[in-house]
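A look at the structure
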Amino acid sequence: MIGKLPGHHDTIVAVATAPGIGAIAVIRLSGVEAITITDKLFPAKDLTTVPGHTLHFGVLLHPETGKAIDEVVVSIFKNPRSYTGEDVTEISCHGSPYIQQQIIDACIQSGARMAQPGEFTQRAFLNGKLDLTQAESVADLIASNTAASHQTAMQQMRGGFSKELKALREHLIRFSALIELELDFSQEDVEFADRTQFFDLVTSATVTVKHLIDSFSMGNVIKNGVNTAIIGKPNAGKSTLLNTLLNENRAIVSDIAGTTRDTIEEVLNIKGVLFRLIDTAGIRESVDAIESIGVQKSLEKMREAGLVIYLFDVNEYSAADIQNQVTAFEAENINYLLVGNKTDITPGATAKFAAIPNILFISARNHNDIDQLKNTLVDKVMSGNINTEDTVITNSRHYAALQEVLRALLDVRNGLDNKLPGDLLALDIRMCLHHLGLITGEVTNEDRLDFIFSKFCIGK
Ligand SMILES: Nc1nc2c(ncn2[C@@H]2O[C@H](COP(=O)(O)OP(=O)(O)OP(=O)(O)O)[C@@H](O)[C@H]2O)c(=O)[nH]1
Ligand SMILES: [Mg+2]
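First, a word on scope: everything that follows refers to the structure included in this document. Predicted model, so just to flag it, every value in this text is computed and none were measured.

Before going further, it helps to spend a moment on the site of ligand 1. Near ligand 1 lie 25 residues; those nearest to it are Gly-237, Ser-239, Thr-260, Gly-282 and Arg-365. Of all the elements, helix 8 (residues 238-246) adds the most residues to the shell around ligand 1, at three residues.

What follows is the structure, encoded as structure tokens:
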């Protein structure tokens, strides 16, 4: 894709709005000929002479047939004051897919070419309108479906995270320049670069980068949700709990043990966090072949889940049973939440569990204490401190690169500690700069960029 863009002399076109029928649709062109191509189709006015940031109403004609396609509004953006940094026009038309297709066709006939996925944003990046993390956050922003994921993407698009990295990068560049200067004067044994000051800088950078790395698990939760498996014996009330949480009768509930045989998955948004709830078959030894497969699947889901809700009937279980279950979860390193169900049957049935900490008691059928369960679920995955104002890493590419940055920073710090000669120190710093640059896009290679932008939708 990039290979085709030497100075991006061509003009690209795509529908910028969602596919399908809508009240209006927007077709976007970007490139040196964006305005002249649009002008050819738009006899009402000479668009080549109008100022940027203006709107123009008129009929759009197909260049081949000369027939009117639609009445449209054309927005004109002149470089560099546009999304891509190039000349951009946006044609707002009526939302029929036929009209959209005709307009695209007319633009292509007049010299534009169809845009690749993400190519508008890629041009914005190549023209310095956005850095790479900001460009990537555009894709996240479009895909965001909760308040939290929207906020982290917005924050990132506005450059929150790259600002911190850029500042670090500048410090490192300044320091390595000083060190390289020392190397030029190597006979004279001078030190231009203040080691102590730099050591402090590297130490504080290490803390920042660690913090960012740690934020990834939360970022991942915000972006992708948490797989939450509801696990327990047959008849514990797992399907009832799923229905209660979702507020609908999604799963079949019955007093026959072994009702749920296959797993059922549904998404629930609690306070902006997405939980992918998985109702599973009750776990027991079974002679029924199909039920056994279901039980195997439950165990698999339990091990894959980010969080396990262990549901049990308080009337049937003893404290020792729960204690054993806790030991089993801890041995397998499973993130679990103990929930005792059916508190409505025998008053005081929960007293026997007093010695076990952090059990929540509910009645799934009567909807008792469900809000408390919801709050606990959110606290559990957010470790009680959901603060999306903070910079949060949501992108696994950034996560991997930050781990390299951290490794390199630690090398630099060790080097300073061990009074490593300047030339070796400079090598470590360069490594660190390289990985930082990969994140924000100062260091790129074409394949990588193609890969990143190909994940966008066309028209972005
Ligand atoms: N009294 C009372 N009964 C409940 C409660 N929750 C569930 N039940 C009943 O317990 C029985 C089993 O409920 P299910 O939700 O089907 O249980 P399950 O854990 O999904 O069972 P399997 O799918 O067989 O593993 C049903 O008769 C429910 O009505 C509760 O809070 N109180
Ligand atoms: Mg069930």
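A separate point is unusual backbone geometry. Residue Pro-80 is bonded to the preceding Asn-79 through a cis peptide linkage, with omega at 0°. Mapped onto the fold, Pro-80 is located in the loop between strand 4 (68-77) and strand 5 (88-94). One non-glycine residue with positive phi stands out, namely His-53, at about 55°. Among the secondary structure elements, His-53 is positioned in the loop between helix 1 (34-41) and strand 3 (54-61). Looking at His-53, the number of C-beta atoms within 10 Å reads 11, which means it is exposed. Unlike most non-glycine residues, Lys-342 shows phi in positive territory, near 65°. Counting through the fold element by element, Lys-342 comes out in the loop between strand 11 (336-341) and strand 12 (359-361). The buried category is assigned to Lys-342, around which 23 C-beta atoms lie within 10 Å.

Moving on, we get to the pairing of strand 8 (residues 264-270). Consecutive side chains along a regular strand alternate between the two faces of the sheet. The pairing of strand 8 with strand 9 (residues 273-279) spans seven bridges and is classified as antiparallel. When the bridges of strand 9 are listed, Ile-264 appears paired with Asp-279. Hairpin geometry of strand 8 and strand 9 is characterised by an intervening segment of two residues between the two adjacent antiparallel strands and by a positive phi of about 50° at Lys-271.

On to helix 2 (residues 97-109), then. Along its 13 residues, helix 2 runs 18 Å from first to last C-alpha, staying within 8% of the 18 Å computed at 1.5 Å per residue. Within helix 2 the residues assigned to the buried category are Gln-100, Ile-103, Ala-106 and Cys-107. End-on, the buried residues of helix 2 take up no more than an arc of 125°, which puts them together on one face. Looking at the buried residues of helix 2, the elements they touch are strand 1 (12-15), strand 2 (24-30), helix 1, strand 3, strand 4 and strand 5. Two residues or fewer past helix 2, Gly-111 is found with a positive phi of approximately 120°.

What follows covers the nonpolar core. Among the nonpolar cores identified, the biggest contains 98 residues, and Ile-230 and Tyr-310 are the most heavily contacted of them. Among the elements that take part in this core, helix 7 (residues 195-224) stands out by supplying eight residues, more than any other. In contact with Ile-230, not counting residues within four places along its chain, are Lys-238, Leu-241, Leu-242, Leu-277, Ile-278, Asp-279, Thr-280, Ile-309 and Leu-311.

Moving on to the environment of Leu-47. Along the chain, Leu-47 falls in the loop between helix 1 and strand 3. A C-alpha to C-alpha distance of 9.1 Å links Leu-47 and Val-74, two positions 27 residues apart in sequence. Discounting residues that sit within four places of it in the chain, Leu-47 has contacts with Ile-35, Thr-38, Asp-39, Phe-42, His-56, Val-74 and Ile-76.

Okay, the environment of Leu-438 next. Relative to the elements of secondary structure, Leu-438 occurs in helix 13 (residues 422-440). Taking the number of C-beta atoms within 10 Å as the measure of exposure, Leu-438 has 20 and is therefore buried. Taking the C-alpha atoms as reference points, Leu-438 and Ala-401, 37 residues apart in sequence, are found 7.2 Å from one another.

For sheets, the rule is that strands pair by backbone hydrogen bonds, running either parallel or antiparallel. Ordered in space as 3-4-5-2-1-6, the six strands form an open sheet in which the pairing is mixed. Both outer strands of the open sheet, strand 3 and strand 6 (113-114), are each paired with one neighbouring strand and no more. Here seven bridges tie strand 2 to strand 5, and the two strands are oriented antiparallel to one another. Residue Ser-30 lies in a different strand from strand 5, and its bridge partner there is Val-88. Here helix 1 sits on the sheet in contact with strand 2, strand 3, strand 4 and strand 5, set at roughly 35° to strand 5.

Criteria and cut-off values
- Residues numbered from 1 in each chain as written.
- Chains lettered and ligands numbered in written order.
- Predicted model: local features only at pLDDT ≥ 70, side-chain atom pairs only at ≥ 80, totals over all residues.
- Near = placed C-beta within 6 Å.
- Helix = DSSP H or I, 4+ residues; strand = E, 2+ residues; numbered from the N terminus.
- Buried ≥ 20, exposed ≤ 12 C-beta atoms within 10 Å, placed from the backbone.
- Pairing = 2+ DSSP bridges.
- Expected span 1.5 Å × (residues − 1).
- Arc of directions from axis to C-beta.
- Contact = placed C-beta atoms within 7 Å.
- Core = buried A, V, L, I, M, F, W, Y, C linked by C-beta atoms within 7 Å.
- Axes fitted to C-alpha atoms, helices over the stretch in contact; angles between N-to-C directions.

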